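Listed here are the chains, written in short residue letters.
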Amino acid sequence: MAIINFGSINIDHVYQVDHFVQPGETLASTHYQTLLGGKGANQSIALAQAGADVRHVGSIHENDASFKQALIKKGVDCRGVKCSEVPSGHAIIQVTPSGENAIVLFGGANQTITAKTVMQALDDTRPSDWVLTQNETSSIEEVLRQAKENQLKVAFNPAPMSESVKQLPLDCVDLLIVNETEAAAITGKEEFEEIVTVFKEQWSHCEVIITLGKAGVMMLRKDDVIKVNAFTVDAVDTTAAGDTFIGYFLSAYSSHTDAKQALRRGCAASAIAVTREGAAQSIPSQKEVDRFLAKHAN
Ligand code: RIB
């Protein structure tokens, strides 16, 4: 069983700052790094680290092929990653001392994925395979439609959230993974209870995971609701915490691990990731996650 991830590959420009820059303010950063990131790439790395057979479909500028090599080194199949003449996608990331981040994105090569690329990438899939996508690449509508047509399982993480998400064929989605802000935007509700009600009543074709930051995660399934608490750690950088959760969760869940165990594994992996700087580089290995879970066994 393979997981085909149509996802962004970004170059993250990470600035450590005392506070997020304010309108009209010029702020000196205390530290700067250029690192591999992108929600797609981070999720592919987390999947690969967790042991999944992950095939990344994406695009990066030809001069940045070293970033593709970094993905390959982590175990991601990058035969679907094209080198383009368009500048690579990048993110300007501010990180504060408490580990919070604020991100500005430039889509670049991530926006060059075409319907043809999607068709080709899904050509030799099998019905047991999964497709995963986020909201940082082009042709998402084609990904959702074609994946469903090929009878694949579809996981969608509509991040970063935008109005265009609501126009997508969301009935093709089998597993929706959102944070609280995305959950509010997609349901059009503000109160958490109302959000849950909308998901239960209007999204019954789909399982929904809401990530709740320090409060853990909630999974809404046909017949039950599963809640898993987050692990308490000292966060230094929360960038890619959600991506790490998704990769580790989906790797376990798609290979039929019990949902609660899979959620716990995702939470453990993301707890480790937030204790480290950066996005892709903060994602732990499977051994580290196993050790963490053994240490935190109830
Ligand atoms: O989720 C974190 C990621 O969001 C960063 O790596 C950045 O590239 C943006 O895509």
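Position numbers for residues count from 1 along each chain, tracking the sequence in the order it is written. Totals for whole chains, interfaces and linings use all residues, but because this is a predicted model, local features are given only for residues with pLDDT of at least 70 and pairs of side-chain atoms are given and counted only at 80 or more. The basis for the side-chain values is all heavy atoms of the structure; hydrogens and waters are excluded.

An unreviewed UniProt entry lists the protein under the name Ribokinase, from Alteromonas mediterranea. Within the UniProt record for the protein, the comment given under Sequence similarities (unreviewed entry) is "Belongs to the carbohydrate kinase PfkB family. Ribokinase subfamily." UniProt positions are given in the numbering used here, feature names are shortened, and annotations may be inferred rather than shown by experiment. Comment text from UniProt for the protein, heading Catalytic activity (unreviewed entry), reads "D-ribose + ATP = D-ribose 5-phosphate + ADP + H(+)".

### A look at the side chain of Ser8
Tracing the sequence through the fold places Ser8 in the loop between β1 (2–6) and β2 (10–16). In this structure the side chain of Ser8 is engaged in a polar contact, spanning 3.2 Å, whose partner is the backbone nitrogen of Lys39. In protein, a polar contact means a hydrogen-donor-capable atom and an acceptor-capable atom, both N or O and within 3.5 Å, with residues adjacent in sequence counting only if both atoms are side-chain atoms; elsewhere, any N or O pair within 3.5 Å suffices. Within the structure, Ser8 has its side chain in polar contact with the backbone nitrogen of Gly40 (distance 3.1 Å). If we ignore the near neighbours within four places in the chain, the residues touching Ser8 are Gly37, Gly38, Lys39, Gly40, Ala41, His56, Asn110, Gln134, Glu136 and Thr137. Numbering goes from the N terminus for both helices and strands, where a helix is a DSSP run of H or I of at least four residues and a strand is a run of E of at least two. Residue contacts are counted whenever heavy atoms from the two residues lie within 4.5 Å of one another.

### Some thoughts on the site of the ligand
The immediate surroundings of the ligand are formed by 14 residues, with Asp12, Gly38, Lys39, Glu136 and Asp243 found nearest. In the environment of the ligand, an oxygen atom lies 2.9 Å from a nitrogen or oxygen atom belonging to the side chain of Lys39. The protein chains hide 96% of the 280 Å² of surface that the ligand would expose on its own. Residues are said to line a cavity or pocket when one of their atoms sits within 4 Å of a point; the points come from a 1 Å grid over protein atoms alone, cavities being sets where a 1.4 Å probe fits but cannot get out and pockets being open sets with protein on both sides within 12 Å along at least five of seven lines. Whether a molecule lies in a cavity or pocket depends on its atoms, and more than half of them have to be within 2 Å of the grid points. A majority-of-atoms criterion places the ligand in the largest pocket. Being near a molecule or strand, for a residue, comes down to having at least one heavy atom within 4 Å of it. Note on areas: Shrake-Rupley, 1.4 Å probe, and residue coverage restricted to the protein chains presented here.

### With respect to the layout of surface pockets
When its volume is computed, the largest pocket comes out at roughly 1,500 Å³. Looking at the lining of the largest pocket, the elements with two or more residues in it are β2, α1 (39–49), β6 (89–95), β7 (101–106), β10 (175–179), α5 (180–187), α7 (241–254) and α8 (259–273). Top contributing element to the lining of the largest pocket by residue count: α7, with five residues. Of the residues in the lining of the largest pocket, the class split is 24 nonpolar, 17 polar and eight charged. Each pocket or cavity is described by its volume, and for the second largest pocket that value is around 390 Å³. Around the second largest pocket sit 21 residues that line it, and Asp174, His205, Cys206, Glu207 and Tyr253 are the ones nearest its centre. Grid points are joined across faces, edges and corners, and a volume is the space filled by probe spheres set on the points. Each residue receives one of three labels: charged for Asp, Glu, Lys and Arg, nonpolar for Ala, Val, Leu, Ile, Met, Phe, Trp, Tyr, Cys and Pro, and polar for the others, Gly being one of them.

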